[in-house]
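Architecture and fold: a report
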Amino acid sequence: MLFDTHAHPYMAKKKNMEDIFQNFQRSDSNYLVSIWTDLKTSQTSIDVAKKYKNTFATIWIHPTDAQELWNDFEEVMKTLEKLYIENEKYIVGIWETWFDFYWISKENFQDQKITQEKYFRAHIQLAKKYELPVIIHNRDSADAILQVLKEENYWNFIIHCFSENLEFANKCFEISENAMMSFSGITTFKNAPEIQETAKNIPLKNILIETDSPFLTPAPFRWKEENEPIFVKHILEKITELRSESANEIEKTIYENSKKIYKIS
Ligand SMILES: [Zn+2]
């Protein structure tokens, strides 16, 4: 029973998408959320969800696109909402609403931060309207994210590719005791003690796992193979190794957490 809550199967370069799905869907109970990365890949992501069983998509606008589309804010958000309404059956969340201060240039930091924040809040509003989880990307922006989450007061969110520490996770739980921390292949790396400490100590009911494939291949395949959804089992193994509950309980609870937050029955 595996649930990869975040993957980009259509972005694989070295592996064939049919093979990736065949590998993953060998078990009928395996589920996957296929994430699109910009407006151009949105349709691909929905097509993938339509084609493969137990596969779902998410919608959002990338901040870089957002920057370009700055003048059309209302229109962009309307397009997004329309896409959701037309594909409701396949769309399970708003991904990835965003703060990323790592990639933005120092010169126009403020301008870009304002754009990111505007879309971040709009994504949360859309999520609220349709009772969808917001999936949050954080890079060097933990405090800004916590502030927006507090102000927007929305309980239904996932911290994607968790890369902070236990203190950050606890601050998220102060905002929402149902917040989800989603652990990626980074959790299996030797240089990730704070992430491992978090995976070990937070309540099991707040844990999800994801590959973010084709990126971030977990150990023992790091540097050796392109990542794919079936490798989510290595992340599960790592979490089992870190925690005190039985392997069975961990597998079952994480799987149920994923279905619950994405409202998949
Ligand atoms: Zn991703």
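In case you missed it, the structure is sitting above this.
Residues numbered from 1 in each chain as written. Predicted model: local features only at pLDDT ≥ 70, side-chain atom pairs only at ≥ 80, totals over all residues.

Where helix α4 (residues 73-86) meets helix α5 (residues 109-130), the axes come as close as 11 Å, and the angle between the chain directions of the two elements is 35 degrees. As α4 runs across α5, the sense of the crossing is right-handed. Counting all contacts with α4, which are made through Phe73, Met77, Leu80, Glu81 and Tyr84, the residues of α5 involved are Lys118, Ala122, Leu126 and Tyr130. For the contact of α4 with α5, a count of residues per class yields seven nonpolar, no polar and two charged. (Axes fitted to C-alpha atoms, helices over the stretch in contact; angles between N-to-C directions. Helix = DSSP H or I, 4+ residues; strand = E, 2+ residues; numbered from the N terminus. Left-handed = near helix turned anticlockwise from the far one by under 90°. Contact = placed C-beta atoms within 7 Å. Nonpolar A, V, L, I, M, F, W, Y, C, P; charged D, E, K, R; others polar.)

Of the positions making up helix α7 (residues 166-175), those classed as buried are Phe168, Ala169 and Cys172. The buried residues of α7 occupy an angular sector of 100 degrees when projected down its axis, which confines them to one face. Turned more than 90 degrees from where α7 packs its buried face, Glu167, Asn170 and Glu174 sit exposed. Buried positions along α7 lie against α6 (142-152), β6 (157-159), β7 (180-183) and α8 (193-201). (Buried ≥ 20, exposed ≤ 12 C-beta atoms within 10 Å, placed from the backbone. Arc of directions from axis to C-beta.)

Of the two faces of strand β2 (residues 31-34), both are covered, the one formed by Tyr31 and Val33 as well as the one formed by Leu32 and Ser34. With three bridges connecting them, strand β1 (residues 3-7) and β2 associate as parallel partners. Paired with Asp4 across the two strands is Leu32, which belongs to β2. Each parallel crossover has a hand, and the one from β1 via helix α1 (residues 17-24) to β2 is right-handed. When β2 meets strand β3 (residues 55-59), the two strands line up parallel, connected through three bridges. The partner of Val33 across the bridge, within β3, is Phe56. (Pairing = 2+ DSSP bridges. Right-handed = clockwise from strand over helix to strand, strands pointing away.)

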